[in-house]
Amino acid sequence: QVQLEESGGGLVQAGGSLRLSCAASGRTFTSTTIMGWFRQAPGKEREFVAAIGSIFWSTYYANSVKGRFTISRDNAKNTVYLQMSSLKTEDTAVYYCAADPKSDYYSQQYNYWGQGTQVTVSS
């Protein structure tokens, strides 16, 4: 089993920056596991934000965050990051870390999920 724990959420003003971290642990986790970030705002469905590939570390982003968010990973620390810049009030949501997709990287079908961390962007 793989366990994921997010951290780094908080309150930030619009236009500001914030970095989220997701630490992975477990006997089945490997550095080649595809990792993703999702978010869910109140009253809305959970949506894909970003993902980072396994072997070649390819990155993928939702159109709403392209140019503002950057996903990266540190294999030595078994950690994936989401650097968020130029934050908008629309980015307010609970952000979830996910690992090992069952199908496509942008789908909700990941094998493992973290508990989520709240990000609130004030106007």
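Residues numbered from 1 in each chain as written. Predicted model: local features only at pLDDT ≥ 70, side-chain atom pairs only at ≥ 80, totals over all residues. Heavy atoms only, no water.

Visitor: Got a sec to walk through the overall build of the chain? Specific residues and values, please.
Guide: The helix and strand tally for the chain stands at zero helices and eleven strands. Expected size for 123 residues packed as a compact globule is a radius of gyration near 14 Å; at 13 Å, the chain falls within 12% of this value. When its C-alpha atoms are laid out on the principal axes, the chain stretches across 40 × 30 × 25 Å. Looking at the chain as a whole, 41% of its 123 residues are labelled buried. Carbon and sulfur atoms make up 45% of the accessible area of the chain, which amounts to about 6600 Å² in all. Charge separation in the chain, taken as the distance between the mean sites of 11 positive and 9 negative side-chain charges, equals 3 Å. (Helix = DSSP H or I, 4+ residues; strand = E, 2+ residues; numbered from the N terminus. Rg over C-alpha atoms; globule rule 2.2 N^0.38 Å. Buried < 20%, exposed > 50% of the residue type's maximum accessible area, 1.4 Å probe, protein only. Areas by Shrake-Rupley, 256 points an atom, 1.4 Å probe, with all protein chains shown as cover. Lys, Arg positive; Asp, Glu negative; His and termini not counted. Charge placed at Lys NZ, Arg CZ, Asp CG, Glu CD.)

Visitor: Got a sec to walk through the pairing of strand β7 (residues 69-74)? Specific residues and values, please.
Guide: Only one face of β7 is covered, namely the face carrying Phe-69, Ile-71 and Arg-73; the face carrying Thr-70, Ser-72 and Asp-74 is uncovered. For β7 and strand β8 (residues 79-84), the ladder comprises six bridges, and the chain directions are antiparallel. Bridging from a neighbouring strand, Asp-74 pairs with Thr-79 of β8. Adjacent in sequence and paired antiparallel, β7 and β8 are bridged by four residues, among which Asn-78 carries a positive phi angle near 50°. (Pairing = 2+ DSSP bridges.)

Visitor: Account for the pattern of salt bridges, with residues named and values stated.
Guide: In total, this model carries three salt bridges according to the counting rule given. For Asp-91, the salt bridge identified is with Arg-39, shortest N-O distance 2.9 Å. Placement of Asp-91 in the loop between β8 and β9 (93-101) and of Arg-39 in strand β4 (residues 35-40) is noted, with a sequence separation of 52 residues between them. Judged by its relative accessible area of 1%, Asp-91 is buried. With its nearest N and O atoms 2.8 Å apart, the salt bridge here joins Asp-91 to Arg-68. Of this pair, Asp-91 sits in the loop between β8 and β9 while Arg-68 sits in the loop between β6 (59-61) and β7, and the two are 23 residues apart along the sequence. Salt bridges here are not isolated pairs; linked through shared partners, they connect Arg-39, Glu-47, Arg-68 and Asp-91. (Salt bridge = Lys/Arg side-chain N within 4 Å of Asp/Glu carboxyl O.)

Visitor: Which residues make up the state of the cysteines, and what values go with them?
Guide: Evaluated as defined, the whole model comprises one disulfide. Note on cysteine connectivity: Cys-22 is disulfide-linked to Cys-97, with sulfurs 2.0 Å apart. Every disulfide takes its handedness from the sign of the S-S torsion; for Cys-22 and Cys-97 that torsion is -80°, giving left-handed. Here Cys-22 is found in strand β3 (residues 18-25), whereas its partner Cys-97 is found in strand β9, with 75 residues between them in sequence. Using a relative accessible area of 0% as the deciding quantity, one classes Cys-22 as buried. Residue Cys-97 is classed as buried on the basis of its relative accessible area of 0%. (Disulfide = S-S within 2.5 Å.)

Purely geometric stuff here, so don't read any function into it on its own.
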